[in-house]
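Chain by chain, the residues:
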Amino acid sequence: MVRHKKMYIGGELVEGQARLDVVNPATEDCVATVAAAGLDDVNKALKAARAAAPGWAATPVAERQRWMLKLRGAVIANQEMLRECIHQEMGKPWGGTQEDFDLLERSLKFYAEEFQRVHDETLRDLDGTHEHRIVYEPVGVAVAYLAWNFPLLNLAYKIAPAMAAGCPVIIRPSAATPVSAYAVGELCQEIGLPAGVVNILTTDGYGPSDALAASTIPNLITLIGSTKTGRHLMKVGATSIKKFSMELGGNAPVLIYRDADLDLAAEIVTTLKFNNAGQICVTPNRVFVEREVHDAFRDKVVARARAAKVGFDREADILTGPMIDRRAWARVKGLIDEAVEKGATLLAGGDRPEGLETGHFLAPTVLDQVTPEMRIYQDEIFGPVVSLIPFDDREAVLDRANDGEEGGLASYIFTADLALAEAVAKRLRYGEVQINGVKYDIYLPHGGIGQSGIGHDCSRLALNDYLVVKRISRGLI
């Protein structure tokens, strides 16, 4: 049955100037239609958020907290429905929907509590003539653009710190996966959240989407997306002085040294690469393996690739779901084919899995002997492909790990030599360095450097993007 979802603007569920079909990439069936915003709808949302800004900023922290926890309660009560939305709009394996859901529930609780720790500060006057205070105030209206790969997790990263800081927010989910975000809008309406505090809409075309950033109403533009999209929004948003907070693309390196726990490394690399069909911004892209252990590690990765379950079955323990659409599938397939043409060795996968004729599925893939001349080395893959690169020179491999315009987000090190790990971590130009493990959570800072972004999602640091600093000085009489 095809469901229809409305936008949430100014406290009401409303139709838009257009409708969009949402297609499950696993079945290629339309699973929902959603109202999509035109320019008039965008302007209504901007005006609703602006109207809500003074009152929401002045709302006591304890009351904002109560609203956040009320929304959290509604989210928890509707867990099955929200997970089913993700399962259908993304074709995401049922087990994978739990992470999305959990981050939304946990984020609302975390920021409701964390903002209570934001306090004014007193500065010492060196001359003893004044009293100085630093106070933190909401930045104002925020516009949040979400990527499609984790529909509720990405929403969680934006809605919770915005609400806690006192900023009305307009959330623009991807047109590929808007259903779960619209379901959250329904919950906001159900609990009676003050009008304009949260607005959720997707857009029909680039014009309405760009209009959100081009408006002079927003004080903050925040994005989870590609580096290309980040540059575009910064350009479009230059109609006024705004803050920007962006988690952008990555080309994550993995450095596996000869004394590493190869089973651990293989398990982490393949889980990150094959889960969510490799459509994860922090997933390893270039796996550098010290030549001495290259063959052993290669065999472990290939075995896991061949054993990984692919498909769309809620009752099955599936690791790898579909690519988001036909274009994404063709792009990654093209990267694989070009790498093989240029000398890479295809050890597993590389095409549609046997027996899955419907849906945009790509078999978990392993390429060996990948080189910098190949696009799969240079580009963010965003697909279920492990690219193996043997190395001999420990100094040279650091330069290679740091090359590439879109580096900067996540990196991984596997070695038993902790002194080596710390030395390498200092040299890697990435916002996140993971040593002998992997850990992501709402309380841990998440952000890149360079072309991989500015600002942070998660942790108390995310609140900085939604706050401005004011100094109040008073002469002592």
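Computed from a predicted structure; not experimentally measured.

S.K.: Describe the overall build of the chain, with residues and values.
M.R.: A count of helical and extended segments in the chain gives 15 helices and 22 strands. Computed over the C-alpha atoms, the radius of gyration of the chain is 23 Å, within 12% of the 23 Å expected from 2.2 N^0.38 for a compact globule of 477 residues. Here the C-alpha coordinates of the chain stretch approximately 75 × 65 × 40 Å along the principal axes. Here the chain, with 477 residues, has 57% of them falling under the buried criterion.

S.K.: Account for the side chain of D41, with residues named and values stated.
M.R.: Mapped onto the secondary structure, D41 falls in helix α1 (residues 39–58). Buried and without a salt bridge, D41 has K44 as its closest oppositely charged side chain, separated by 4.5 Å. If near-sequence neighbours (up to four positions away) are discounted, D41 is found in contact with M7, I9, E15, G16, Q17, A36 and L201.

S.K.: Residues and numbers for the environment of E186, please.
M.R.: As for its placement among the helices and strands, E186 is situated in helix α6 (residues 179–191). Put simply, E186 and A462 are 276 residues apart on the chain and 26 Å apart in space, counted from C-alpha to C-alpha. With residues near it in sequence (within four places) discarded, E186 still touches K5 and L13.

S.K.: Tell me about empty space enclosed by the protein, and name the residues and values.
M.R.: Going through the model one piece at a time under the given rule, you end up with one cavity of 30 Å³ or more. Size it by volume and the largest cavity reaches roughly 30 Å³. Around the largest cavity, the lining residues are S245, M246, E247, H446, G447, G448, I454, G455, H456 and D457. Take the lining of the largest cavity: its biggest share by element is three residues, from strand β13 (residues 243–247). The residue inventory of the lining of the largest cavity, partitioned by class, reads two nonpolar, six polar and two charged.

S.K.: Tell me about the pairing of strand β7 (residues 130–138), and name the residues and values.
M.R.: Sheet topology note: the strand β6 (residues 121–123)/β7 ladder contains three bridges and is antiparallel. Bridge pairing in β7 places L123 opposite H132. Counted along the chain from β6 to the antiparallel partner β7, the turn is six residues long, and its residue G128 has a positive phi close to 70°. Of the strand pairs in this sheet, β7 and strand β22 (residues 467–475) are connected by nine bridges, and their pairing is antiparallel. Residue pairing across strands places I134 opposite R471, the latter belonging to β22.

S.K.: Lay out the pattern of salt bridges in plain terms, naming residues and giving numbers.
M.R.: Pairing between side chains of opposite charge can happen when the charged atoms of each approach one another. If you walk through the whole model with that rule in mind, you get 29 salt bridges. Residue K470 pairs with E137 through a salt bridge whose shortest N-O separation is 3.0 Å. Note that K470 is positioned in strand β22 and E137 in strand β7, a separation of 333 residues in sequence. Look at K470 and you get partly exposed, because its relative accessible area is 37%. For E137, a relative accessible area of 30% translates into the label partly exposed. The network of salt bridges with shared partners includes R258, E290, E292 and R394.

S.K.: Summarise helix α14 (residues 418–427); cite the residues concerned and give the values.
M.R.: For α14, the full list of buried residues reads L420, A421, V424 and A425. The buried residues of α14 occupy an angular sector of 135° when projected down its axis, which confines them to one face. Of the residues in α14, the exposed ones pointing more than 90 degrees away from the buried face are A419 and K426. Looking at the buried side of α14, the elements it contacts are β14 (253–256), α13 (394–402), β19 (408–414) and β20 (430–435). The distance from a side-chain oxygen at the start of α14 to the backbone nitrogen of A419 is 3.2 Å, and the residue carrying that oxygen is D417.

S.K.: Describe the sheet that holds strand β17 (residues 365–368), and please don't skip the residues or the numbers.
M.R.: With respect to topology, seven strands assemble into an open sheet ordered β16-β17-β18-β15-β14-β19-β20, the strand pairing being mixed. The open sheet has two free edges, formed respectively by β16 (345–348) and β20, since each of these has just one partner strand. Averaged over all adjacent pairs, the angle separating strand axes in this sheet is 25°, with direction ignored. Bridge count for β17 against strand β18 (residues 385–391) is three bridges, and the pairing is parallel. Each residue of the ladder has a partner; that of T365, found in β18, is V385. This element, α13, spans β14, β15 (286–290), β18 and β20 of the sheet and lies at about 175° to β15.

S.K.: Describe in detail the layout of surface pockets, supporting the description with residues and values.
M.R.: There is about 180 Å³ of room inside the second largest pocket. What lines the second largest pocket is simply E114, R117, V118, H119, E121, Y136, R460, L463, N464 and L467. Looking at side-chain class alone, the lining of the second largest pocket contains four nonpolar, two polar and four charged residues.

S.K.: Tell me about the state of the cysteines, and name the residues and values.
M.R.: Under the counting rule described, the total for this entry stands at zero disulfides. Here C188 is not cross-linked by a disulfide; its sulfur's nearest cysteine counterpart is in C85, at 14 Å.

S.K.: Could you give me a rundown of the pairing of β20, with the residues and numbers involved?
M.R.: Regular strands place their side chains on alternate faces of the sheet. As defined by bridge partners, β19 adjoins β20 across five bridges and the pair is classed as parallel. Across the sheet, the residue bridging to Y412 is Q434, located in β20. One crossover worth recording links β19 to the parallel β20 by way of α14, and it is right-handed.

S.K.: Go over the packing of aromatic side chains, please, and point to the residues and values.
M.R.: Within this structure, the stated rule accounts for four aromatic pairs. Taken together, a centroid distance of 4.9 Å and an interplanar angle of 90° make the contact between F110 and Y111 edge-to-face. With respect to burial, F110 and Y111 carry one shared label: buried. Centroid distance Y257 to F391: 5.8 Å. Interplanar angle 85°. Geometry classified as edge-to-face.

S.K.: Report on the nonpolar core, specifying residues and quantitative values.
M.R.: Counting residues in hydrophobic clusters, the biggest one holds 120 residues, and the most contacted among them are V198, I256 and F297. Of all the elements, helix α5 (residues 151–165) adds the most residues to this core, at eleven residues. Not counting chain neighbours up to four residues away, the residues in contact with F297 comprise I256, L262, A265, A266, V269, V287, V289 and L388.

What counts and what doesn't
Each residue is numbered by its place in its chain's sequence as written, counting from 1. The predicted origin of the model limits local features to residues at a pLDDT of at least 70 and limits the giving and counting of side-chain atom pairs to 80 or more, whereas totals for whole chains, interfaces and linings rest on all residues. To get the side-chain values, all heavy atoms of the structure are used, and hydrogens and water are removed first. Numbering of helices and strands runs from the N terminus, with a helix taken as a DSSP run of H or I at least four residues long and a strand as a DSSP run of E at least two residues long. The globule rule is 2.2 Å times the number of residues to the power 0.38, and the radius of gyration it is compared with is taken over C-alpha atoms. The rule is simple: take the accessible area with a 1.4 Å probe, protein chains only, and divide by the maximum for that residue type; under 20% is buried, over 50% is exposed, in between is partly exposed. His is not counted, nor are the chain ends, whereas Lys and Arg count as positive and Asp and Glu as negative. The term salt bridge refers to a side-chain nitrogen of Lys or Arg lying within 4 Å of a carboxyl oxygen of Asp or Glu. Note on contacts: a residue pair is in contact if any heavy atoms of the two residues lie within 4.5 Å. Residues are called lining when one of their atoms sits within 4 Å of a cavity or pocket point, these points coming from a 1 Å grid over the protein atoms alone, where a cavity is a set in which a 1.4 Å probe fits but cannot get out and a pocket is an open set with protein on both sides within 12 Å along at least five of seven lines. Grid points are joined across faces, edges and corners, and a volume is the space filled by probe spheres set on the points. Residues are grouped as follows: Ala, Val, Leu, Ile, Met, Phe, Trp, Tyr, Cys and Pro are nonpolar; Asp, Glu, Lys and Arg are charged; every other residue, Gly included, is polar. Two strands make a pair as long as DSSP finds a minimum of two bridges between them. The arc in question is the one traced by the directions running from the helix axis out to the C-beta atoms. Throughout this description, a polar contact denotes any pair of N or O atoms lying within 3.5 Å of each other; where both atoms belong to protein, one of them has to be capable of donating a hydrogen while the other can accept it, and for residues adjacent in sequence the pair is counted only when both atoms sit in side chains. A fitted line through C-alpha atoms serves as each axis, taken over the contacting stretch for helices, and the angle formed by two N-to-C directions is quoted from 0 to 180°. Here, a disulfide means two cysteine sulfur atoms that sit within 2.5 Å of each other. For a crossover, the right-handed case is the one in which the path from the first strand over the helix to the second runs clockwise, viewed with the strands pointing away from the viewer. Planes of paired rings set the category: under 30 degrees apart is stacked, over 60 is edge-to-face and the rest tilted, where pairs are Phe, Tyr or Trp rings (Trp by its six-membered ring) whose centres lie within 6.5 Å. We call a set of buried Ala, Val, Leu, Ile, Met, Phe, Trp, Tyr and Cys residues a nonpolar core when their side-chain atoms join them within 4.5 Å.

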